[in-house]
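An overview of the molecular structure
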Amino acid sequence: MGNGQCWVLIHSASHAGCFIAPVPTPFEGRDEALPPSLGKVDAEREVYVSDSSINVLVGWFAYHQRAGSRIDSDAAAIQRFAVGVA
C-alpha cells in the first residue's frame with residue numbers, strides 16, 4: 001500500500017465476505033492498489049468485493065499497514081483517521 005492509501009473494511013450483509021473501500025475519497029489507481037487475491041474490483045461502487053472474512057482481511061492489512069490502523073464502528077471517526085493519516 002502506497003502513501004496516502006487508506007482503506008476501510010465493511011462487513012457485508014449482502015454476501016458472506018466484505019467490502020474494501022478507499023477512504024476518505026477514491027484515489028487514482030485504487031482499482032489496482034490491492035492484490036487480486038483480496039477481492040474483485042466493483043468499479044461502479046468503487047470498492048473491492050472480497051469473499052474473505054473480516055478477520056482474514058484485518059490480519060492482511062495489519063501486516064501490510066504503514067501508518068497505523070483504526071477499528072471503530074463510527075464512520076466519522078474512521079474518516080477523521082483517514083484524513084489525518086493521508
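Reference entry: report on the structure contained in this document.

Structural notes on unusual backbone geometry
In this chain, Val23 is followed by Pro24 through a cis amide linkage whose omega measures 0°. Turning to its location among the elements, Pro24 is positioned in the loop between strand 2 (18–23) and strand 3 (40–42). Located in the positive-phi region is Glu46, a residue other than glycine, with phi close to 60°. Of note, Glu46 is situated in the loop between strand 3 and strand 4 (47–50). Classification of Glu46 as partly exposed rests on a relative accessible area of 34%.

Quick word on the packing of aromatic side chains
The tally for this structure, following the rule as stated, stands at three aromatic pairs. Each ring, one from Trp7 and one from Tyr48, has its centre 5.7 Å from the other, and the planes form 70°; the classification is edge-to-face. Of this pair, Trp7 sits in strand 1 (residues 6–11) while Tyr48 sits in strand 4, and the two are 41 residues apart along the sequence. Neither residue differs from the other here; Trp7 and Tyr48 are each classed as buried.

Some words on the sheet that holds strand 2
Spatially, 1-2-4-3 is the arrangement adopted by the four strands of the open sheet, whose pairing is antiparallel. One side of each edge strand has no neighbouring strand; the edge strands of this open sheet are strand 1 and strand 3. Averaged over all pairs of adjacent strands, the angle between their axes in this sheet comes to 30°, without regard to strand direction. Relative to strand 4, strand 2 runs antiparallel, the two sharing three bridges. When the bridges of strand 4 are listed, Phe19 appears paired with Val49. Sitting on the sheet, helix 1 (residues 54–64) is in contact with strand 1, strand 2 and strand 4, with an inclination near 165° to strand 1.

Rules behind the numbers
- Residues numbered from 1 in each chain as written.
- Predicted model: local features only at pLDDT ≥ 70, side-chain atom pairs only at ≥ 80, totals over all residues.
- Heavy atoms only, no water.
- Helix = DSSP H or I, 4+ residues; strand = E, 2+ residues; numbered from the N terminus.
- Buried < 20%, exposed > 50% of the residue type's maximum accessible area, 1.4 Å probe, protein only.
- Phe/Tyr/Trp six-rings, centres within 6.5 Å; stacked < 30°, edge-to-face > 60°.
- Pairing = 2+ DSSP bridges.
- Axes fitted to C-alpha atoms, helices over the stretch in contact; angles between N-to-C directions.
- Contact = heavy atoms within 4.5 Å.

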